[in-house]
There are 2 protein chains.
Amino acid sequence: MMKVSVSRFANNPLLTPGDLAPSRPDFEVTCVLNPGAFRFGGRIGLLLRVAERPVPEPGFLATPILAEDGAVSVIRVREDDPGISSASSRSFAWNGRFLLTTMSHFLIAWSDDGGRTFTPDYSRRLMPEQSCEAYGIEDARVEQVDGEYLITFTAVGPAGIAVGCRRTRDWRSFSSTELILPPSNKDAALFPRRIGGRYRLLHRPSDPACGNHIYLAESPDLRCWGNHRCIAMTRPGCWDEERIGAGAAPVETAAGWLELYHGADRTGRYALGCLLLDRDDPARVLARSEAPFMEPEADYELNGFYGNCIFTNGQIVDGDRVLLYYGASDSVVCGAELRISELLASLKIGDFGRKTA
Amino acid sequence: MMKVSVSRFANNPLLTPGDLAPSRPDFEVTCVLNPGAFRFGGRIGLLLRVAERPVPEPGFLATPILAEDGAVSVIRVREDDPGISSASSRSFAWNGRFLLTTMSHFLIAWSDDGGRTFTPDYSRRLMPEQSCEAYGIEDARVEQVDGEYLITFTAVGPAGIAVGCRRTRDWRSFSSTELILPPSNKDAALFPRRIGGRYRLLHRPSDPACGNHIYLAESPDLRCWGNHRCIAMTRPGCWDEERIGAGAAPVETAAGWLELYHGADRTGRYALGCLLLDRDDPARVLARSEAPFMEPEADYELNGFYGNCIFTNGQIVDGDRVLLYYGASDSVVCGAELRISELLASLKIGDFGRKTA
């Protein structure tokens, strides 16, 4: 198997919480992570996930949520409240409600130097707006299809964690969120064009009893999705044994659709591998990374809010070159350069597919 | 609140496991339950869920599954196998695999006396056929839309518990299963006609962190579904505090769409209530049962494979009269007669709806 050269940007991390102003003065930015990436008007844009929380007050847990009136409000609970039944750095359960410790929104950052450095644009924040995203919006993937940008993301609300979609043509006005997939679902990556007359989407339903596997769906209109098929399962004993999920849009190559994906093992380590899908029938998996092409190694990938984690949902492809943007340790935004030819050469082409009748 | 008269059939249970021949001689029928109901050729048909297992062998757990070659095979595990990590009457986990103790399929039974007695038709078994239903097919809802019968059901496989759909016009030949909703999802009930140009569907995604609530979806073609919205959540402290799910298709009335649904409380008791949805915008909930209109009372509803449970997914409507078919204690098939006017009168019409932006 050929080795894939991964050139991490010398200026990593590209953006850290300290680089960003919070959305309001009584909040602080705890993490900036998992950016979507796109080209617009000659520039490269990142759609950053910004996770914020109220400035901490000793002895209290607090979380922002979108209230019924459409404004962001704060739930504040004493740490010794008997209604708290579980608590981690990411979430807590309080009187039967499942709450996150931070609320995420999206902020755009632009690059004028080909994607090496980024400046936040505070005129472009996308906030939660509806009940289905009352606890936050996370991990945007951006894909331009038929001239329109579609943003697919994780919408977290009291009735579940689902896949939302907003649309824009000008990156100024955006459609309101529609849930394109019901809970529990994440990691929805659109193909850039129709295949066999139908739009296609990779997604990752999640079920504690049955696992966290990658599905393929199809659509006549980019709004309604059906014919869901599991095309890749987690692999016991492997680097991707616990959960897998698509990264950004699949890249069309002569060999097939190349999809960069994340896998987590039992210890919770997140690394990156790839899938190669048949060009005409993307339900057919032609090859899959036996080992990750990229693993947490740098200090900023090993240590942070959630250490030992790299997660990608944004990339810019230019010929054979991929600028891969990723969240490191759920804390900071980083970049790396890779070659598609090397990713393809690292794969042993064979039939790794599940039979789909 | 007006009382709803529920006339249980005098000949309940209508069908028990002992009334049915297994699909093969080395299997036994453990449960017959949760039938879909439909009219065809002047008769009433039930699409029975038949749960089978290999004839038990002392000291072993065994479960039928659909093997890669498309035949039903048996997994047999010693009860003291160290790979077994959990076991209940319904399922067990073995070496990281989640397995059911029975496999369900569908069998048609016909009534020539207006839906009071039913005879199984062994020429009409619908078996699992694909990987996504390798552990069984369960809880069929039948609805005739645009002249075709659509059967929506729970497809259980190694990659999750999802909503499958098969189609028929003649109840002899059936399309192969397409998953119309990804895991974890159940209880999908089609509306009988388009509303505002779009087909509609109630469904119940399931998420241990966020709950078991009823969603509404829409479709241009009955195959692909989108614009998912949570329209009814479980209610803490109520009879439907733990999980809710639609029954058969909503019934169109002058007051709105009347949907009979099941609710379970913290003790696992399943009872039946109703929702009234706006006729033109079924995302608007106009009313909801404060108390169940029907609760487990009869001996066959209180005791069985899973006692204290009534569950409906099939009904025949004739003017004001509803013949309600239901599974009792997950063991037997029963019937009851109700009046729509009484169900409507039992509801306090008000705005019980979630705001949906």
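These numbers were taken from a predicted model, which means no experiment stands behind them. (Residues numbered from 1 in each chain as written. Chains lettered and ligands numbered in written order. Predicted model: local features only at pLDDT ≥ 70, side-chain atom pairs only at ≥ 80, totals over all residues. Heavy atoms only, no water.)

Of the regular secondary structure elements, chain A holds 2 helices and 26 strands. In summary, chain A has a C-alpha radius of gyration of 19 Å against a globular reference of 21 Å for 357 residues, a match within 12%. Taken along the three principal axes of its C-alpha coordinates, chain A extends 55 × 45 × 40 Å. A sequence separation of at least 24 residues applies to 52% of the contacts in chain A between residues at least 6 apart. Distance between charge centroids for chain A: 4 Å, based on 39 positive and 46 negative side chains. (Helix = DSSP H or I, 4+ residues; strand = E, 2+ residues; numbered from the N terminus. Rg over C-alpha atoms; globule rule 2.2 N^0.38 Å. Contact = heavy atoms within 4.5 Å. Lys, Arg positive; Asp, Glu negative; His and termini not counted. Charge placed at Lys NZ, Arg CZ, Asp CG, Glu CD.)

This next bit is on the interface of chain B and chain A. For an interface, size is often stated in terms of accessible area lost upon the parts coming together. Listed by partner, the interface residues are 41 residues for chain B and 41 residues for chain A. The interface formed by chain B and chain A includes 0 salt bridges. Counting residues per element, the ones that place at least two in the side of chain B that touches chain A are β13 (160-168), β14 (178-181), β16 (199-205), β17 (214-219) and β18 (226-232) of chain B. Broken down by class, the residue content of the side of chain B that touches chain A amounts to 20 nonpolar, 12 polar and 9 charged. (Salt bridge = Lys/Arg side-chain N within 4 Å of Asp/Glu carboxyl O. Nonpolar A, V, L, I, M, F, W, Y, C, P; charged D, E, K, R; others polar.)

Residue and element names in this part refer to chain A. Under the criterion given, the structure shown has 3 cavities of 30 Å³ or more. Size it by volume and the largest cavity reaches roughly 50 Å³. Forming the boundary of the largest cavity are R141, V142, E143, L150, T152, A189, L190, A248 and A249. Breaking the lining of the largest cavity down by element, the ones donating at least two residues are β11 (136-145), β12 (148-157) and β15 (185-190). Broken down by element, the residue count for the lining of the largest cavity peaks at 3 residues, all from β11. Here the residues of the lining of the largest cavity are counted per class, giving 6 nonpolar, 1 polar and 2 charged. (1 Å grid on protein atoms, 1.4 Å probe; cavity = no way out; pocket = protein on both sides within 12 Å on 5 of 7 lines; lining within 4 Å. Points joined across faces, edges and corners; volume = space filled by probe spheres on them.)

The next thing to look at is the relation of the copies chain B and chain A. Copy one and copy two of the chain differ by a rotation about a common axis and a shift along it. Here chain B sits on chain A after a turn of 180° about the axis and a move of 0.0 Å along it, with an RMSD of 0.0 Å. Here the symmetry operator amounts to a two-fold rotation axis. (Least-squares fit on C-alpha atoms with pLDDT ≥ 70 in both.)

Looking now at unusual backbone geometry. Of note, the bond from N12 of chain A into P13 of chain A is cis; its omega dihedral lies within 30 degrees of zero at -15°. In this structure, D330 of chain A is a non-glycine residue whose phi angle is positive, near 55°.

Okay, the sheet that holds strand β6 (residues 84-87) of chain B next. Residues and elements named next belong to chain B. Taken together, 3 strands build an open sheet; the order of strands is β6-β7-β8 and the sheet is antiparallel. Edge positions in the open sheet fall to β6 and β8 (97-100), since each of these has one partner strand only. Strand after strand, the sheet turns through a mean of 20° between neighbouring axes, direction not considered. With 4 bridges connecting them, strand β7 (residues 91-94) and β8 associate as antiparallel partners. (Pairing = 2+ DSSP bridges. Axes fitted to C-alpha atoms, helices over the stretch in contact; angles between N-to-C directions.)

Attention shifts here to the pattern of salt bridges. On inspection of all chains with the given rule, the structure shows 62 salt bridges over all chains. Residues E218 of chain A and R200 of chain A are paired through a salt bridge, measuring 3.7 Å at the closest nitrogen-oxygen approach. Here the residue E218 of chain A occupies a position in strand β17 (residues 214-219), and R200 of chain A occupies one in strand β16 (residues 199-205), the gap between them amounting to 18 residues. Take E218 of chain A and R200 of chain A: they sit in the same class, and that class is buried. Here E218 of chain B ties to R198 of chain B by a salt bridge, and the two come within 3.2 Å at their closest N and O atoms. Placement of E218 of chain B in strand β17 and of R198 of chain B in the loop between β15 (185-190) and β16 is noted, with a sequence separation of 20 residues between them. When salt bridges that share partners are traced, they join R116, D320, E337 and R339 of chain A into one network. (Buried < 20%, exposed > 50% of the residue type's maximum accessible area, 1.4 Å probe, protein only.)

All names here are of chain A. Position of G273 among the secondary structure elements: in strand β22 (residues 270-277). Residues G273 and R339, spaced 66 residues apart in sequence, show a C-alpha to C-alpha distance of 13 Å. If we ignore the near neighbours within four places in the chain, the residues touching G273 are W239, E259, L260, Y261, S289 and F293.

From the geometry alone we can't say anything about function, so treat these as descriptive.
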